[in-house]
Amino acid sequence: MTFRKPPTLHRYYCANLWPALLLLLSFAVNTHAINKNEISPENLKTSYIYNILKNITWPNEAKLKEFSVIYYGDNALYLKSLRLLQQQSIRGKKIQITSQKNFNIIPGTQVVIINQNKNNDLKDISRRLLKSNTLIITENNNDKANVMINFYRHDNHIKFEV
């Protein structure tokens, strides 16, 4: 009797899908939603962010020691959810989350997440980050000229636009 090796695609999905499913499961277990069968909006956005980051390559990525993410806002549940990303890695690099209540540029930051209550600062932040290869993620922001990825609610579902 001979055993066949699983197809390469199967091995790829086993190696890459399980960590994402485990992350999503950890979000479901740690959710603070009223209905325990639902994932909180903060955890869902964090899961989206993780999957978006896995599919982006930065120009200087080979030189990075870690992925630097700034959270600019004051939503404690969202920050707690984002900090779960520090347990994950992308292409062998850890994710570092920094929280700011007053925005300061940290050189070498790959992602800035702007909470909804800081939407009025988007234009200034976008101007300051111009040509920095920094991804800006917002929430319920109507400034289409400066939005890169924007989360919004539609029919009680969280969606995002690019």
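None of these values were measured; they are calculated from a predicted model. For every chain, the first residue of its written sequence is number 1, and the numbers climb from 1 along that sequence. Restriction of local features to residues with pLDDT of at least 70 applies here, the model being predicted, together with a cutoff of 80 or more for giving and counting side-chain atom pairs; totals for whole chains, interfaces and linings are based on all residues. Side-chain metrics in this entry use all non-hydrogen atoms of the structure; hydrogen atoms and water are not considered.

(A) Inspection of the confidence of the model for the chain at higher detail. Per-residue confidence from the prediction method is given by pLDDT, with values spanning 0 to 100. Mean pLDDT over the chain stands at 81; residues scoring 70 or higher make up 77%. Strand β4 (residues 111-114) holds the highest mean pLDDT among the elements of the chain, 96, whereas helix α1 (residues 8-29) holds the lowest, 47. Low pLDDT, under 50, characterises residues 1-15; the predicted model gives this stretch 3 contacts beyond four residues in sequence or across chains. Within the model, the stretch residues 24-35 combines pLDDT values under 50 with 20 contacts to residues more than four positions away or in other chains. Every helix listed is a DSSP run of H or I at least four residues long, and every strand listed is a run of E at least two residues long, numbered separately from the N terminus. Note on definitions: a residue-residue contact is assigned when non-hydrogen atoms from the two residues lie within 4.5 Å.

(B) Inspection of helix α2 (residues 41-54) at higher detail. Take the residue count of a helix, subtract one, and multiply by 1.5 Å to get its expected span. Under the 1.5 Å per step criterion, the end-to-end length of α2 is 20 Å for 14 residues, consistent within 8% with the ideal 20 Å. For each residue, the accessible area found with a 1.4 Å probe, counting protein chains only, is set against the maximum for its type, and the residue is called buried under 20%, exposed over 50%, and partly exposed in between. Those residues of α2 that fall on the buried side of the exposure criterion are Glu42, Asn43, Lys45, Thr46, Ser47, Ile49, Tyr50, Ile52 and Leu53.

(C) Geometry of the sheet that holds strand β1 (residues 66-72). Strands are labelled as partners when DSSP assigns at least two bridges between them. As summarised here, the arrangement of the 7 strands in space is β2-β3-β1-β4-β5-β6-β7, forming an open sheet in which the pairing is mixed. The outermost strands of the open sheet, each flanked by one partner alone, are β2 (89-90) and β7 (157-161). As judged from the 4 bridges shared by β1 and β4, these two strands associate in the parallel manner. Across the sheet, Val69 pairs through a bridge with Val111, a residue of β4. Note on method: axes are straight lines fitted to C-alpha atoms, helices fitted across the in-contact stretch only, with angles between N-to-C directions ranging 0 to 180 degrees. Against the sheet, α2 makes contact with β1, β2, β3 (93-100), β4, β5 (135-139), β6 (149-154) and β7, and its axis sits at roughly 30° relative to β7, the strand it touches most. Contacting β1, β3, β4, β5 and β6, helix α3 (residues 76-83) crosses the sheet at an angle of about 165° to β3.

(D) Structural context of α3. Where α3 is concerned, the buried positions are Tyr78, Leu79, Ser81 and Leu82. End-on view of α3: buried residues confined to an arc of 160°, all on one side of the axis. What points out from α3, more than 90 degrees from its buried face, is the exposed set Ala76 and Lys80. Whenever a nitrogen or oxygen atom comes within 3.5 Å of another N or O atom, the pair is scored as a polar contact, on the condition that within protein one atom can donate a hydrogen and the other can accept it, and that pairs from neighbouring residues in sequence are kept only if both atoms are in side chains. The residue sitting at the N-terminus of α3 and contributing the capping side-chain oxygen is Asn75; that oxygen lies 3.0 Å from the backbone nitrogen of Leu77. The arc under discussion is defined with respect to the helix axis, by the directions toward the C-beta atoms.

(E) The environment of Phe103, seen in detail. You can see Phe103 is positioned in the loop between β3 and β4. Look at Phe103 and you get buried, because its relative accessible area is 8%. Here Phe103 is in contact with Ile70, Tyr72, Val112, Ile125, Arg128 and Leu129, once residues within four sequence places are set aside.

(F) Quick look at the environment of Ile52. With respect to the element layout, Ile52 can be found in helix α2. Residue classification places Ile52 among the buried positions, given a relative accessible area of 12%. Residues Ile52 and Ile149, spaced 97 residues apart in sequence, show a C-alpha to C-alpha distance of 9.6 Å. In contact with Ile52, other than residues within four places in its own chain, are Leu135, Ile149 and Phe160.

(G) How the structure looks around the nonpolar core. To qualify as a nonpolar core, a set must consist of buried Ala, Val, Leu, Ile, Met, Phe, Trp, Tyr and Cys residues joined through side-chain atoms within 4.5 Å. In terms of nonpolar packing, the biggest core is built from 23 residues, with Ile49 and Ile113 touching the most fellow members. Every element with two or more residues in this core is listed here: α2, β1, α3, β3, β4, β5 and β6. If you tally residues by element for this core, the top one is α2, at 4 residues. Ile70, Ile114, Leu122 and Ile136 belong to the second largest nonpolar core, which has 10 residues in total.

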